[in-house]
Amino acid sequence: MTALVDLPAAEPAAQDPIRKKKAGGSLGKYLLIRFALIFPTILILVTMVFFLMRLTGDPITAALGGRLAPDQLAQRIHAAGYDRPIFIQYFEYLGQIATGNFGRTISDNLLISDMLATYGTATLELAVNSLVVALAIGIPFGMLSASKRDRYQDAILRVLAIAFYATPVFFAGLLLKLVFSIWLGWFPVAGRGGTSTEIAMASLAAPTGIYWLDSLRSGNMDAFWDVAQHSVLPAVALGLLTAGIFLRLVRTNIIGTLSKDYVEAGRSRGVSEYRLLTKHAFKPALIPIITVMGLQIALLLGGAVLTETTFEWKGLGFQLAHYLTARDFVAVQGIVALLAVIVAFTNFIVDVIAALIDPRVRY
């Protein structure tokens, strides 16, 4: 008789780590891919702006046409190289911005890199202030709306959220100026600071360009208070746009979290509703806010054009409107290129934060 020998069974446990490794997402690989996507994103945006600007012709003719004699205009066009084939100009432009050389503005002959450094900090200050306002309004009121679901408080807050998002930024800015500057006289009408503050900021050695930070560094509390007063209305006008989105996101996600089994288990053990809301439902509700914050930065930068024009806040948005009016498309290209870089890197930072908080985004 032939003896039957039982073969050892396969050990699935030895294969589980391999399967798990293949199935799971690697944080380093995820971040590397997201970082690599920054460059094609910037390239696409810069390329679109370059060719859209050139649909109207060369920048010299667009900015100075009708103000120079034809021979002078042709000389300026040839000196700038705008009479060469468009694709040669395009690749030269890419090579220039890769080295940080954005050229000079046509209307006022300024180095675009200096202009971006001067006015970019003002836009950064406005964007940060607006984001603080959006978070300060959107998160607590979103939590309140979720805790009062389907009651009159919830209905009022939901209507306000829609109104915040739907109201044009320039209209909100004009309304805020009318009520709080003209009627009540609580805040200044326009500008980043009064005359004395502007002089004090201009006389600082190695300023950052962010007025509230420079005033604190110099110990000038009068200037700091003046800057804070000038910042309120522009920040609120722009921040309300994003606050409505945050409010709806927090409300929706907290309501979803409060219906989870672990929350019901805590409720059955006698945990208070306030603790369930603030300790168990709050953190999961922040994940989608962090995820969409990169998109909101782009929205804030887009709204900054109208906000800065409305409040005469001299940042990139204010300068962009000025150069568009002057048809200085070289300056417009430089500003839009910088905004594209800011948005791309901001989205990468947001992806990093979201991946660290919620491992599910890596898969």
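Note that residues are indexed from 1 along each chain, following the sequence as it is written. Only residues with pLDDT of 70 or above have their local features reported here, since the model is predicted, and side-chain atom pairs are shown and tallied only from 80 upward, although totals for entire chains, interfaces and linings are computed over all residues. Only hydrogens and water are set aside when side-chain values are computed; all heavy atoms of the structure are taken into account.

(A) View of the pattern of salt bridges. The term salt bridge refers to a side-chain nitrogen of Lys or Arg lying within 4 Å of a carboxyl oxygen of Asp or Glu. Applying the stated criterion across every chain yields a total of six salt bridges. Taking the shortest distance from any N to any O, the salt bridge between Asp150 and Arg149 comes out at 3.9 Å. Burial classification: accessible surface area is computed with a 1.4 Å probe over protein chains only, and a residue below 20% of its type maximum counts as buried, one above 50% as exposed, and the rest as partly exposed. On the basis of relative accessibility, which here comes to 62%, the residue Asp150 falls in the exposed class. Taken together, the salt bridges that share partners define one network made up of Asp154, Arg158 and Arg251.

(B) The arrangement of the packing of aromatic side chains in detail. Any Phe, Tyr or Trp ring, taking Trp's six-membered ring, that has another such ring centre within 6.5 Å forms a pair; planes under 30 degrees apart are called stacked, those over 60 apart edge-to-face, and the others tilted. What the rule picks out here adds up to ten aromatic pairs. Their ring planes at 40° and their centres at 5.2 Å tell us that Phe51 and Tyr90 sit as a pair that is tilted. One end of the pair, Phe51, is in helix α3 (residues 38-53); the other, Tyr90, is in helix α6 (residues 86-98), and 39 residues separate them in sequence. Among the residues examined, Tyr90 registers a relative accessible area of 9% and is labelled buried. An aromatic cluster of three or more residues is present, and its members are Phe50, Phe51, Phe87, Tyr90, Phe91 and Tyr93. Lying over the aromatic face of Phe311, Lys177 brings its terminal NZ or CZ to 5.7 Å of the ring centre. Numbering goes from the N terminus for both helices and strands, where a helix is a DSSP run of H or I of at least four residues and a strand is a run of E of at least two. The rule for a charge over a ring is simple: NZ of Lys or CZ of Arg within 6 Å of the ring centre, and within 35 degrees of the ring normal.

(C) Local environment of unusual backbone geometry. Within the chain, Asp150 stands out as a residue other than glycine whose phi angle is a positive 65°. By secondary structure assignment, the location of Asp150 is in the loop between α7 (112-147) and α8 (152-166).

(D) Main features of the side chain of Gln319. Following the sequence through the fold, Gln319 ends up in helix α15 (residues 316-325). We call two residues in contact when some of their heavy atoms are within 4.5 Å. Contact partners of Gln319, with chain neighbours within four places excluded, come to Met115, Tyr119 and Ile335.

(E) Spatial organisation of the packing of α7 against α15. Axis lines are fitted to C-alpha atoms, over the contacting stretch for helices. Their N-to-C directions set the angle, which ranges from 0 to 180 degrees. Here α7 crosses α15 at 125°, and the two axes come no closer than 7 Å. Relative to α15, α7 is oriented oblique. On α15, the residues that touch Met115, Leu116, Tyr119, Gly120 and Thr123 of α7 are Leu316, Gly317, Gln319 and Tyr323. Classifying every residue of the contact of α7 with α15 gives five nonpolar, four polar and no charged. What sets the label is the angle itself: under 35 degrees gives roughly parallel, over 145 gives roughly antiparallel, 65 to 115 gives roughly perpendicular, and the rest give oblique. In the scheme used here, Gly and all other residues not listed as nonpolar or charged are polar, with Ala, Val, Leu, Ile, Met, Phe, Trp, Tyr, Cys and Pro taken as nonpolar and Asp, Glu, Lys and Arg as charged.

(F) Spatial organisation of the packing of α7 against helix α12 (residues 221-258). As a packed pair, α7 and α12 sit with axes 4 Å apart at the nearest point and diverge in direction by 40°. Considering the angle they form, α7 stands oblique to α12. The chirality of how α7 crosses α12 is right-handed. Looking at the contact of α7 with α12 residue by residue, the class counts come to 22 nonpolar, eight polar and two charged. It is the rotation of the near helix from the far one that decides the hand of a crossing: anticlockwise by less than a right angle makes it left-handed, clockwise makes it right-handed.

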